[in-house]
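Observations on chain architecture
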Amino acid sequence: MVKDLRDICKNAELNVTIFHPYFVFFDQFELVRPTSIQCMVIGAIIMMIISFIFIPNILCSIWITFSIISIEVGVVGYMSLWHVNLDSISMINLIMCIGFSIDFTAHICYVYMSSKQKLPEDRVKEALYSLGLPIVQGSVSTILGVVALLLAESYIFLVFFKMVFLVIFFGAMHGLFLLPVMLSLFGPNSCTEIDDTLSVDGEMYQYKEKKDPKLL
């Protein structure tokens, strides 16, 4: 109705303006979808630039951005299954989710790049050994901190709990499972050949490694 009325006024010969107090809420429902998509895309690009500044590797930045987009898509998908509508409240939580989701992925990538190990598998093991338990503790403590919101009957509190739970759960799963696999397969130094020497029982063996170690 609002769109039709505005089209009529726009095509009218006279300078006509319509207004109703409810139009403010109608405009909010009309703009929430494009605004959400725009904010999430811009946020992902900004996070990619910031991660590249602190972790100067284009592959890590790409995988961080991919993880953020994957987390956001998962949250949006499960919103429909959990009966959460896309409105101004859920839109604010979606934008906040970008900040939550980068915590898990950026830390894994930083430890991966800071590792002195040569093989990607060893780097991933070191990253998970250093951050696996903190990620679990952080995600569980955050979820426990918002569980109390379930006791409230307010729509805002319930939506906030559902959104935070989804983003923390998906962020932890990406940081613990998906991202380490991607880094080991397609991360920095995953496609380079490494020549080194093994010492076994005092004898020297020459071997070449490319993803899977093979003694020659």
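All figures in this text were calculated on a predicted structure; none of them were measured in a lab.

The next subject is the overall build of the protein chain. Within the protein chain, the regular secondary structure consists of six helices and three strands. Element order for the protein chain, N to C, with α for helix and β for strand: α-α-α-α-α-α-β-β-β. Sorting the 216 residues of the protein chain into buried and exposed places 37% on the buried side. For the protein chain, the computed accessible surface area is about 13,600 Å², with 68% contributed by carbon and sulfur atoms.

The subject of this paragraph is the packing of helix α4 (residues 88–114) against helix α5 (residues 120–146). Two elements in contact, α4 and α5, have axes separated by 8 Å at closest approach and are oriented at 145°. Considering the relative orientation of α4 and α5, their crossing is right-handed. The segment α4 lies against α5, with F104, H107, I108, V111, Y112 and M113 engaging P120, R123, V124, E126, A127, L128, S130, L131, I135 and S139. Per-class residue counts for the contact of α4 with α5 are eleven nonpolar, three polar and two charged.

Rules of the game
- Residues numbered from 1 in each chain as written.
- Predicted model: local features only at pLDDT ≥ 70, side-chain atom pairs only at ≥ 80, totals over all residues.
- Heavy atoms only, no water.
- Helix = DSSP H or I, 4+ residues; strand = E, 2+ residues; numbered from the N terminus.
- Buried < 20%, exposed > 50% of the residue type's maximum accessible area, 1.4 Å probe, protein only.
- Areas by Shrake-Rupley, 256 points an atom, 1.4 Å probe, with all protein chains shown as cover.
- Axes fitted to C-alpha atoms, helices over the stretch in contact; angles between N-to-C directions.
- Left-handed = near helix turned anticlockwise from the far one by under 90°.
- Contact = heavy atoms within 4.5 Å.
- Nonpolar A, V, L, I, M, F, W, Y, C, P; charged D, E, K, R; others polar.

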